[in-house]
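# Geometric and topological summary
Residue strings, one per chain:
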Amino acid sequence: MVIHDEKVERELLRRAEEARRDLEVPPLERLASPLNRLAAFVVDYFVLAWPFAVLTMSPFKRHMQEANLIGDEFSMQVYGLLMALVGLFTLISYQTLFHWIAGATPGKFVFGLRVVALWSRDSRPTFWEALGRSCFWVGQFFLLALPFLAVMADPNRRPWHDRFSNTVVVSVRKKAASMAPNIYEIALVRVCMWTVAGFAMVGGLVLGLREYHNAKRSYEFSQRLGGSSGECEAVDQALEDWPLEKGEAPSRLSVAMALFATGDLDKSCLRAEVENPLSLIENRPLAYLAKSFVYSDNQEISDEYLNEICKLDSQSDECHLARVIEGMAEENTELVYQEFSKLNQDSRVYLSLWAIRQFIRMQDFASAAQYIDNIPAHSSLAYFMIPARAKIYWGLHRREESRAIASAALDLLNGDDKLQFASWHCFAELNDACSGATSSSCRVFSRLNEKIDGALNDFQPALTRLKIGDCVPEKKVTDLMAMDMHPDVRQYAELMIEKNLRDLHEYWQDSETRYELKDEVAQQILKLTSERKYIDPIRNDWLSRSRGLAWERLGRELFSKDVATKNWAAALKVGEKLMQFVPSSAGAAYNRLPASVDSLADKVAEVRKMLEKQK
Amino acid sequence: MILPFLAGFLSFRKAPATWSLFLLNLFMICFLAIVAPRSQRQLEELARDKTFTQIQGRIFAHFVLNQAGRYPSSYEAMAEQALRHNSVEKIHVLGMLAMRDTYFFHHAKDFDYGVDPVEKRWWIKKAGQFLNTRDSMLSYGLGVTENDYTALTWLTYQFTHSDWGHFLSNMLVFLIFGTALELAIGSLGLLVVSLASGAISALTYLLIDNVTAIPLIGASGAVSGVIALFCMLYWRTGVRHIYFLFIPKRGYLGFVYLPAWIIFILWVISDLAGYVGTPRELGGVAYSAHLGGEFCGVLVGLTYMGIRWWRLRRGEQVAPLPDGGPMTGPILARLP
């Protein structure tokens, strides 16, 4: 039985007629092969037309680059657009004129190709057909050139530009001609289309996100440039309610220096403030001091500024601070103290801030405490002063006050500042006793340590974590070795795990070892041995210094060790020195001393008696 | 890719002058590669020193704003914006641009415009180091700069290249066209044309370009002159080219013959586009020198053609230009 469907039959006949018409070509003419068309394209646009297009675009390109140099975004975009339009115009003109006049571009001529009208096959396209063809040809590039794949899919190898203009590209050379696409070409086109579609979707998403991110960054950057004066917003805001200094309104630079001392202002902002011409006129020494900080990465010019300050006025506070900086660079503690002592007690805020900062770093908390009252209660300074107070009070053995302020500091601070402060305070707690591991600062530190990537790459957090490991059996030191850690602390941790006395002693003696680690290493040595050949050098070194929480802790360990080994003379020396620097109220820290002793003073008195008895 | 493939290429016997010039260039670049690196490194270190470029940029910005009319408006606009907004990026760009300006180096130290004296003193010291290092560089001494050239440097600059890429790109083209030209005009002719084109290129560069501190070096001017003269002599003659159209199939690689005027027009247009499209401040290629060399080649070619025409008009016997056998042929491509 035959099912006779007229509709289907009509459709099939229509398609057959279309196919016959499409395949009908005059003698000696064939369709141009895709490779020949590609080759003609290369010759046309990479050899012949390119220099002309570049020449016509060059004036705009130049203006665009000049606009880019001066950061004129609008002009850059305008010239960029004009450049693109001129380039397009050149390409379209090239195609249109050659196709209209000669029926082929030079590249097509080289490969024996011609663009002919579809139905007549022996006439060139008209001007309008050539123009339309060229415009569509260019337009297809904006679609990632995908429509060009039709040369391998369309039965007459006609992409959109040929379809629009009713043209077809044929070959005048029989041997180089081609027939309709075969199934392999069609399959290739389909694979290409799907692959490109996939990449386009993913690529579009990635590009979109990147553009958003770039736009956000350039907006933030342009906000940072500030107002027409190029100065900093942070200084503007702080100046609104900054108190008078020495009865006068402070200068912008003075406030900027104060904020820089607290770490709330970066070098670029400080530079912007110091480049204000008024800064140089009103207070040249201060401007030079600021510049020495701005150029701190280049020691040569930084030192020149410091030298210049004292030439201007050798009695100014800025000159004394310059000499302090010089002393710190040379590790000349005597010079540092000498120059600090010359600073006016009611000196400007930024000087007091610098003094506090340096003395905390030197662990001279008593000296730091002298400057606290010079600092006004200003919101910009809170982030610095609250943690600083906590450290100073701790150093002065006002433990409970320090803990209270530390809690406030931990609530106030964020991110890395919080981590740094928590690690400092936790370390200080552990220095007193391992029970400090349960303090709030140690709890906060442990939480942040796990949360922040690379937290242990900094020295203080790494050292604190190591100390926790030493105190708390659950948090073993060996667990640390698998983490990213500051290299100096890692080296010390390895020695701690091995517990090799000789290696520890060598490490302690090494001049390259950081002083913060030296006292820790010394404590480890004291735990492992009572031999005098190890302990005596440690004691002599300790006696030659006199500052720092770790120094004090080491002193207590030395005192305990000497008492335990009945080395009364040494114990007396250590004890008496400790008493000079430790307040008598610091009894709690000394409860690790032998029983029935309430204070260091009593223990030292007992040691004195033992020594006299020995004599 | 398409390159001329002419007669005489790779033959020392047929083109001794061309090959001698090539070997001299090769010797110079090898010599400089051994002698120059330390100074080059010092200069690069200074250029990378952010403090130096920042301070120099700031001083240059003040300098530009105080030299009314001397600098392009783009410089003045950039300097004003840099100082007003304290823009680190613009100041750095100005600092780099200042390194191309000998006038600035010679006059800025005497100019007082309220810049921090400590900064200025430091910059003068560093700028002195920069100038001393630069002046001690052999490639600088051999090159041509606006304030510092001699009769000898008009010759020596043609044999000095900045790097191997510069050298290879120039010498490849020089060998291709130089050997063919030498077959036509002889070794002495090639030598004269090459050196004269180089000299005219340098003159053009000095007259047109405003860069005073960066020396002109390279054989591009001479090469441009050689190419131009070749094209003038073989204007309508089909010149063999080897081509490869990135399709590894018969018909898409091989030889094709194109008239020399195509080469000339494309070469000139490329240089013109480069000259027009590149701001002076940013240029690394001296397009003006190329154009000067091309002008010289055209002039020599026209003079030669003029003399030939005059002699032919007077009825004298004039020998035809050697067609070189494989060099000539039909203009259309010979595709298989």
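On a predicted model such as this, the values are computed, not experimentally measured, just so you know. (Residues numbered from 1 in each chain as written. Chains lettered and ligands numbered in written order. Predicted model: local features only at pLDDT ≥ 70, side-chain atom pairs only at ≥ 80, totals over all residues. Heavy atoms only, no water.)

## A closer look at the overall build of chain A
In terms of regular secondary structure, chain A is built from 30 helices and four strands. Here chain A holds 615 residues, and 47% of them are scored as buried. Total accessible area on chain A is roughly 32000 Å²; 57% of this is exposed by carbon and sulfur atoms. (Helix = DSSP H or I, 4+ residues; strand = E, 2+ residues; numbered from the N terminus. Buried < 20%, exposed > 50% of the residue type's maximum accessible area, 1.4 Å probe, protein only. Areas by Shrake-Rupley, 256 points an atom, 1.4 Å probe, with all protein chains shown as cover.)

## Observations concerning the state of the cysteines
All names here are of chain A. Summed over the entire model, instances satisfying the criterion amount to four disulfides over all chains. What pairs with cysteine 310 in a disulfide is cysteine 319, and their sulfur atoms sit 2.0 Å apart. Across the disulfide from cysteine 310 to cysteine 319, rotation about the S-S bond amounts to roughly 105°, and the bridge is consequently right-handed. For the pair shown, cysteine 310 and cysteine 319 are each scored as buried. Between the sulfur of cysteine 434 and that of cysteine 471 lies a disulfide, 2.0 Å long from S to S. (Disulfide = S-S within 2.5 Å.)

## What about the packing of aromatic side chains?
A full pass over the atoms with the stated rule returns 40 aromatic pairs over all chains. Considering the side-chain rings of phenylalanine 60 of chain B and phenylalanine 104 of chain B, the 4.8 Å spacing of their centres and the 75° angle between planes classify their relative orientation as edge-to-face. In this pair, phenylalanine 60 of chain B sits in helix 3 (residues 50–65) while phenylalanine 104 of chain B sits in helix 6 (residues 102–107), placing the two residues 44 residues apart along the sequence. Accessibility assignment for this pair places phenylalanine 60 of chain B and phenylalanine 104 of chain B in one class, buried. Site record: aromatic cluster; members linked through ring pairs are Phe60, Phe63, Tyr71, Tyr75, Tyr103, Phe104, Phe105, Trp123 and Phe130 of chain B. In this structure, arginine 398 of chain A is placed above the aromatic ring of tyrosine 393 of chain A, and the distance from its NZ or CZ to the ring centre is 4.1 Å. (Phe/Tyr/Trp six-rings, centres within 6.5 Å; stacked < 30°, edge-to-face > 60°. Lys NZ or Arg CZ within 6 Å of the ring centre and 35° of its normal.)

## Concerning the pattern of salt bridges
Inspection of the entire model under this criterion finds 40 salt bridges over all chains. In this structure, glutamate 300 of chain A and lysine 126 of chain B form a salt bridge, with 3.5 Å as the shortest nitrogen-oxygen distance. Pair noted here: glutamate 300 of chain A is in helix 13 (residues 299–312) and lysine 126 of chain B is in helix 7 (residues 117–136), and the two residues belong to different chains. By relative accessible area, lysine 126 of chain B is classed as buried at 11%. For glutamate 308 of chain A, the salt bridge goes to arginine 121 of chain B, with nearest N and O atoms at 2.9 Å. Here arginine 121 of chain B lies in helix 7 and glutamate 308 of chain A lies in helix 13, a pairing that spans two chains. Look at glutamate 308 of chain A and you get buried, because its relative accessible area is 14%. Overall, the relative accessible area of 40% leaves arginine 121 of chain B in the partly exposed class. When salt bridges with common partners are traced through the structure, they connect Glu300, Glu304, Glu308 and Lys311 of chain A together with Arg121, Lys125 and Lys126 of chain B into a single cluster. (Salt bridge = Lys/Arg side-chain N within 4 Å of Asp/Glu carboxyl O.)

## Digging into the interface of chain A and chain B
Every contact between the two is made by 46 residues of chain A and, on the other side, 47 residues of chain B. Here chain A packs against chain B, burying approximately 3900 Å² in sum over the two surfaces, 64% of which is carbon and sulfur. Of all residues in chain A, Arg62, Leu69 and Ile70 of chain A give up the largest surface area on contact with chain B, accounting jointly for 17% of the area buried on that side. Linking chain A with chain B are eight salt bridges, by the criterion used here. In this structure, glutamate 300 of chain A engages lysine 125 of chain B in a salt bridge whose closest nitrogen and oxygen atoms are separated by 2.6 Å. Across the chain A-chain B interface, the total number found is nine residue pairs in polar contact (both at pLDDT 80 or more). Those elements giving two or more residues to the side of chain A that touches chain B turn out to be helix 2 (34–69), helix 10 (267–274), helix 12 (284–294) and helix 13 of chain A. The element best represented in the side of chain A that touches chain B is helix 2 of chain A, accounting for 19 residues. (Contact = heavy atoms within 4.5 Å. Buried area = accessible area lost by both parts, 1.4 Å probe. Polar contact = N/O pair within 3.5 Å; in protein donor to acceptor, adjacent residues only side chain to side chain.)

## Topic: unusual backbone geometry
Residues and elements named next belong to chain A. At glutamate 331, a position not held by glycine, the phi torsion is positive, near 55°. Relative to the elements of secondary structure, glutamate 331 occurs in the loop between helix 14 (317–329) and helix 15 (333–342). Despite not being glycine, lysine 566 has its phi angle at roughly 60°, a positive value. According to the relative accessible area criterion, lysine 566 is exposed, its value standing at 55%.

## Observations regarding the sheet that holds strand 2 (residues 113–117) of chain A
All names here are of chain A. If you walk across this open sheet you meet the four strands as 2-3-1-4, and the pairing is antiparallel. Every other strand in the sheet has two partners, leaving strand 2 and strand 4 (177–178) as the edge strands with one partner each. Strand direction decides the pairing type here: strand 2 and strand 3 (residues 167–171), joined by five bridges, are antiparallel. Its bridge partner being in strand 3, arginine 114 is matched across the sheet by valine 170. Sheet contacts for helix 2: strand 1 (30–32), strand 2 and strand 3; angle to strand 2, the most-contacted strand, approximately 105°. (Pairing = 2+ DSSP bridges. Axes fitted to C-alpha atoms, helices over the stretch in contact; angles between N-to-C directions.)

## Description of the environment of leucine 266 of chain B
Secondary-structure assignment places leucine 266 of chain B in helix 12 (residues 260–277). Note on leucine 266 of chain B: relative accessible area 14%, which makes it buried. Contacts of leucine 266 of chain B, omitting those with residues within four sequence positions, involve Val47, Leu48, Pro51 and Phe52 of chain A.

## What about the packing of helix 27 (residues 532–544) of chain A against helix 29 (residues 568–581) of chain A?
Residues and elements named next belong to chain A. Direction vectors running N to C along helix 27 and helix 29 enclose 25°, while the axes themselves pass 11 Å from each other. Considering the angle they form, helix 27 stands roughly parallel to helix 29. In this structure, the crossing between helix 27 and helix 29 has a hand that is left-handed. When helix 27 is examined against helix 29, the residues Arg539, Trp542 and Leu543 are found in contact with a partner set consisting of Ala570, Lys573, Val574, Lys577 and Leu578. For the contact of helix 27 with helix 29, the per-class residue count stands at five nonpolar, no polar and three charged. (Parallel < 35°, antiparallel > 145°, perpendicular 65-115°, else oblique. Left-handed = near helix turned anticlockwise from the far one by under 90°. Nonpolar A, V, L, I, M, F, W, Y, C, P; charged D, E, K, R; others polar.)

## Comments concerning the confidence of the model for chain A
Residue and element names in this part refer to chain A. Looking at chain A as a whole, its pLDDT mean stands at 84, while 90% of the residues score no less than 70. Mean pLDDT in chain A bottoms out at helix 11 (residues 277–282), which sits at 65, and peaks at helix 5 (residues 127–139), which reaches 92. The low-confidence segment residues 25–29, where pLDDT is below 50, has nine contacts with residues more than four positions distant or belonging to other chains. The low-confidence segment residues 224–229, where pLDDT is below 50, has eight contacts with residues more than four positions distant or belonging to other chains. (pLDDT = per-residue confidence, 0-100.)

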